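Reading the structure
Residues per chain, in single letters:
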Amino acid sequence: MPIPTPEQCEELLASNNTPEAAIIHSRLVRDVARRIGRDLKWLRDRGPNLALITAAALLHDIAKGQPDHAAAGAAIVRDHGYDEVADIVAAHNDIKYSGDLPVTEKEIVFIADKLVKGDQMVTVVYMFDHKIESCTDEMLLAKLKQSKEVALRIKTAIEQETGKNLEELAIAEE
């Protein structure tokens, strides 16, 4: 399954007129996701694919600003032949995770995105609680609460496997 290089990802972002703020955000998500992935890879015989994590994190917001940007972005990435990356892009806002299985690249990119608000590092709880507090749409509120539960399950799974606090792991130096 082909995976674009970081340079190819940057070219895709530029050629799709991805907003500069989304590109800056995506680069930070890439850094966080790679730190998490690197630690998990170190602990496992067959760890997550760091090239896949890098590409999916860089491209997760390629269609930011468009309606349903996760689906729109996945379509763009899939059109370039990167199906595995597109699957992760499609799931970066709405993911199912029971906590029963080890986290995969998909969960790593999802949680890394929840640790970065714009160009700032935040905690998972902060990311969701401030959105939940200001939400007036009942359907969106239910979705946010469900997404927070999934994020906390992923956080717990990573922390149990690595023995490290997720937010500390996210800011660890290379």
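The shown structure was predicted, so the numbers you read here are calculated from the model rather than taken from an experiment. (Residues numbered from 1 in each chain as written. Predicted model: local features only at pLDDT ≥ 70, side-chain atom pairs only at ≥ 80, totals over all residues. Heavy atoms only, no water.)

1. Examining the nonpolar core
Quick reminder of the rule: Take the buried Ala, Val, Leu, Ile, Met, Phe, Trp, Tyr and Cys residues and link them wherever side-chain atoms come within 4.5 Å; each set so joined is a nonpolar core. Residue burial is assigned from relative accessible area. The probe radius is 1.4 Å, only protein chains are included, and a residue is buried under 20% of its type maximum, exposed over 50%, and partly exposed in between. Secondary structure follows DSSP: runs of H or I at least 4 residues long count as helices, runs of E at least 2 residues long count as strands, and numbering of each begins at the N terminus. Whether two residues are in contact is decided by their heavy atoms, any of which lying within 4.5 Å being enough.
I36, L59, V85, I154 and I158 are the most contacted members of the largest nonpolar core, which has 52 residues in total. Considering each element in turn, this core owes the most residues, eight residues, to helix α3 (residues 50-59). Non-local contacts of L59, meaning those with residues more than four positions away in its chain, are made with P4, C9, L12, L13, V77, V85 and V89.

2. Topic: the environment of Y82
Mapped onto the fold, Y82 is located in the loop between α4 (69-79) and α5 (83-91). C-alpha separation for the pair Y82 and A55, spaced 27 residues apart in sequence, amounts to 9.6 Å. Not counting the four nearest positions on each side in its chain, Y82 is found in contact with P2, I3, P4, Q8, L12 and V77.

3. Topic: the layout of surface pockets
Heads up, the rule is: Cavity means a closed set of points on a 1 Å grid over the protein atoms alone, one where a 1.4 Å probe fits but cannot get out, pocket means an open set with protein on both sides within 12 Å along at least 5 of 7 lines, and lining means a residue has an atom within 4 Å of a point. Grid points are joined across faces, edges and corners, and a volume is the space filled by probe spheres set on the points. Charged residues are taken to be Asp, Glu, Lys and Arg, nonpolar residues to be Ala, Val, Leu, Ile, Met, Phe, Trp, Tyr, Cys and Pro, and polar residues to be all remaining types, Gly included.
Each pocket or cavity is described by its volume, and for the largest pocket that value is around 560 Å³. Taken together, 21 residues form the lining of the largest pocket, with K64, H69, N93, K114 and K131 sitting closest to its centre. For the lining of the largest pocket, the elements supplying multiple residues, two or more each, are α2 (20-43), α6 (105-114), β1 (116-117), α7 (124-134) and α8 (138-162). Sorting elements by how many residues they give to the lining of the largest pocket places α8 first, with four residues. Of the residues that constitute the lining of the largest pocket, the class distribution is seven nonpolar, six polar and eight charged.

4. Some thoughts on the environment of D113
Let me state the cut-off plainly: Any pair of nitrogen or oxygen atoms within 3.5 Å is treated as a polar contact; in protein, a donor-acceptor pairing is required on top of that, and neighbouring residues in sequence qualify only through side-chain atoms on both sides.
Looking at where D113 falls in the secondary structure, it is placed in helix α6. When the C-alpha atoms of D113 and D100 are compared, they prove to be 22 Å apart, with 13 residues separating the residues in sequence. Here the side chain of D113 touches H25 through a polar contact of 2.8 Å, side chain to side chain. Separated by 3.0 Å, the side chains of D113 and K114 make a polar contact.

5. Some thoughts on empty space enclosed by the protein
Applying the stated criterion across every chain yields a total of one cavity of 30 Å³ or more. There is about 40 Å³ of room inside the largest cavity. Forming the walls of the largest cavity are N93, D94, I95, F110, K143, Q146, S147 and V150. Counting residues per element, the lining of the largest cavity draws most heavily on α8, which supplies four residues. Within the lining of the largest cavity, the residues separate by chemical class into three nonpolar, three polar and two charged.

6. Focus on the side chain of D61
Here is the rule we go by: Here Asp and Glu are counted as negative and Lys and Arg as positive; His is not counted, and neither are the chain ends. By convention in these notes, a salt bridge is any Lys or Arg side-chain nitrogen within 4 Å of a carboxyl oxygen on Asp or Glu.
Mapped onto the fold, D61 is located in the loop between α3 and α4. Buried and unpaired, D61 has no salt bridge, with K64 as the nearest side chain of opposite charge at 4.4 Å. Not counting residues within four places of it along the chain, the set of residues in contact with D61 comprises T18, A22, H25, S26, H69 and H92.

7. So, the pattern of salt bridges
If you walk through the whole model with that rule in mind, you get eleven salt bridges. With its nearest N and O atoms 2.6 Å apart, the salt bridge here joins K148 to D129. You can see K148 sitting in helix α8 and its partner D129 sitting in helix α7, a full 19 residues away along the chain. For D129, a relative accessible area of 25% gives the class partly exposed. Sharing partners across several salt bridges, the network here consists of R78, D83 and D87.

8. What about α6?
Most of α6 is tucked away: nine of the ten residues are buried. Within α6, burial applies to E105, E107, I108, V109, F110, I111, A112, D113 and K114.

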